[in-house]
Amino acid sequence: MKLMETGVLYNPQSGKVSGKNVSKSSRQLKHMEGYYEDTEAFRSMDPETPVYEVLMHAQEEGNEGGLLFGTSYLFPGKVGNEYFMTKGHFHEIKNRAEYYWGIQGEGALVLMDEKGEAKVEKVTQGSLHYIPGHIAHRLVNTSDSMLVVGACWPSDAGHDYGTIEENGFSVRVKEEDGKPVVK
Ligand code: S6P
Ligand code: ZN
């Protein structure tokens, strides 16, 4: 029997996923209206400013029992004194869990339960993060270089962005005296 190529490549240094069934999505500031606290600072910035990109390998999207794999690239930057972050979400099927792992850079993973109780984990190269079901998750880049984070999650998890869009997270990660603080 001949060994088969998968047609997909993963570079563990850069987190780059390429080849078959790989797609890329990009978020600029214009996609994040209402997410940052300092609305005046937000309005003064170029809406085309890139905030994050996600490469995703989806062999079987939506299938119960399947898995998705991706890398998030979060640019360095701030809106006022609040660091660039992802929108953040609960999974649409609430009990679906997820793994994150740090590939490059430094940041924070904000986790929040359905009662609004939050916890923040430090993300560094090699850090592993288990996100249980029913927990909203958001990445924050607290450094001045790119934050690169890997993820693996159930194919049918889906994204509930609405809950966060309406109520936000109960904490924000900001810069104070040159250091990240959780407020
Ligand atoms: C998917 C997983 C990540 C995020 C990505 C962007 O379940 O948690 O791939 O989608 O980090 O964040 P967001 O909140 O815009 O989906
Ligand atoms: Zn998720």
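It should be noted that the structure appears before, not after, this text.
Summary of the structure given here. Nothing here was measured: the structure is a model prediction, and the numbers come from that model.

Focus on the side chain of E82
Right, so step 1: Residue placement: E82 occurs in strand β7 (residues 82-83).
Right, so step 2: At 2.9 Å, the side chain of E82 and the backbone nitrogen of E37 are in polar contact.
Right, so step 3: Setting aside chain neighbours within four positions, we find E82 in contact with Y35, Y36, E37, G77, R172, V173 and K174.

What to know about the coordination of the zinc ion (ligand 2)
Right, so step 1: Around the zinc ion (ligand 2), the protein contributes the donor atoms H89 (NE2), H91 (NE2), E98 (OE) and H137 (NE2), at 2.1 to 2.3 Å from the metal centre.
Right, so step 2: Around the zinc ion (ligand 2), the six donor atoms are arranged such that angles at the metal cover 70 to 171 degrees; this shape is classified as octahedral.
Right, so step 3: Between consecutive donors of the zinc ion (ligand 2), the numbers of intervening residues give the motif H-x1-H-x6-E-x38-H. A single burial state applies to H89 and to H91, both of which are buried.

Description of the packing of aromatic side chains
Right, so step 1: As enumerated under the stated definition, the model contains five aromatic pairs in all.
Right, so step 2: A centroid spacing of 6.3 Å and a plane angle of 25 degrees characterise the contact between Y36 and F42, whose relative ring orientation is stacked. Here the two residues Y36 and F42 agree in accessibility, since each one is buried.
Right, so step 3: Judged by centre distance (6.5 Å) and plane angle (55 degrees), the rings of Y36 and F84 are tilted. Of this pair, Y36 sits in the loop between β3 (22-28) and α1 (39-44) while F84 is found in the loop between β7 and β8 (98-104), placing the two residues 48 residues apart along the sequence. Side by side, Y36 and F84 carry an identical accessibility label, which is buried.
Right, so step 4: Feature note: the residues Y10, F69 and W101 constitute an aromatic cluster, connected by ring pairs.
Right, so step 5: Here K87 stacks its cationic end above the ring of Y161, 5.7 Å away from the centre of that ring.

Details of the site of ligand 1
Right, so step 1: By nearness alone, 14 residues border ligand 1, and Y52, S72, E98, Y100 and Y161 come closest of all.
Right, so step 2: Taking Y52, its side chain carries an N or O atom lying 2.5 Å from an oxygen atom of ligand 1.
Right, so step 3: In this structure, Y100 approaches ligand 1 through a side-chain N or O atom, which is 2.7 Å from an oxygen atom.
Right, so step 4: Contributions of two or more residues to the shell around ligand 1 are made by β4 (50-57) and β8.
Right, so step 5: The residue makeup of the shell around ligand 1, split by class, is five nonpolar, seven polar and two charged.

Describing the environment of G150
Right, so step 1: In this structure, G150 sits in strand β13 (residues 147-154).
Right, so step 2: On the basis of relative accessible area, G150 is assigned to the buried category, the value being 0%.
Right, so step 3: In sequence terms G150 and L139 are eleven residues apart; their C-alpha atoms lie 11 Å from each other.
Right, so step 4: Every residue in contact with G150, bar those within four places of it in the chain, is listed here: G70, T71, Y99, Y100, W101 and I103.

Observations concerning the pairing of strand β11 (residues 128-131)
Right, so step 1: Burial of β11 is one-sided: the residues H129 and I131 facing one way are buried, the residues L128 and Y130 facing the other way are not.
Right, so step 2: Sheet analysis places β8 next to β11, joined by four bridges and oriented antiparallel. In the sheet register, Y99 faces β11, and the bridge partner there is Y130.

Rules used throughout
Within every chain, residues take consecutive numbers counted from 1 along the sequence as written. As a convention, the first chain written is A and the first ligand written is 1, with the rest following in written order. With the structure being a predicted model, the display of local features is reserved for residues of pLDDT at least 70 and the display and counting of side-chain atom pairs for 80 or more, all residues being used for whole-chain, interface and lining totals. The side-chain figures draw on all heavy atoms in the structure; neither hydrogens nor water molecules are used. Strands are runs of DSSP state E lasting at least 2 residues, helices are runs of H or I lasting at least 4, and numbering of each runs from the N terminus. Polar contact is defined as a pair of N or O atoms within 3.5 Å, subject to the rule that within protein one atom must be able to donate a hydrogen and the other to accept it, and that residues adjacent in sequence are counted only when both atoms are side-chain atoms. Here, two residues are considered to be in contact whenever any of their heavy atoms come within 4.5 Å of each other. Here the term donor refers to an N, O or S atom within 2.8 Å of the metal (or 3.2 Å for Na, K and Ca), and because water is left out of the atoms, sites may appear incomplete. In this scheme the shape depends on donor count and angles: four donors with every angle between 85 and 135 degrees give tetrahedral, four or six donors with opposite pairs above 155 degrees and others between 65 and 115 give square planar or octahedral in turn, and any other case is irregular. Relative accessibility decides the category of a residue: with a 1.4 Å probe and only protein chains considered, values under 20% of the type maximum give buried, values over 50% give exposed, and everything between is partly exposed. Stacked, tilted and edge-to-face pairs are distinguished by plane angle, under 30 degrees for stacked and over 60 for edge-to-face with tilted covering the rest, among Phe, Tyr and Trp rings (Trp via its six-membered ring) whose centres lie within 6.5 Å. We call a charge positioned over a ring when the NZ of a Lys or the CZ of an Arg lies within 6 Å of the ring centre and within 35 degrees of the ring normal. For this purpose, a residue is taken to be near a molecule or strand whenever a single non-hydrogen atom of the residue falls within 4 Å of it. Throughout this entry, Asp, Glu, Lys and Arg are counted as charged residues, while Ala, Val, Leu, Ile, Met, Phe, Trp, Tyr, Cys and Pro are counted as nonpolar. The remaining residues, Gly among them, count as polar. Note: two strands are recorded as paired if DSSP finds a minimum of 2 bridges between them.

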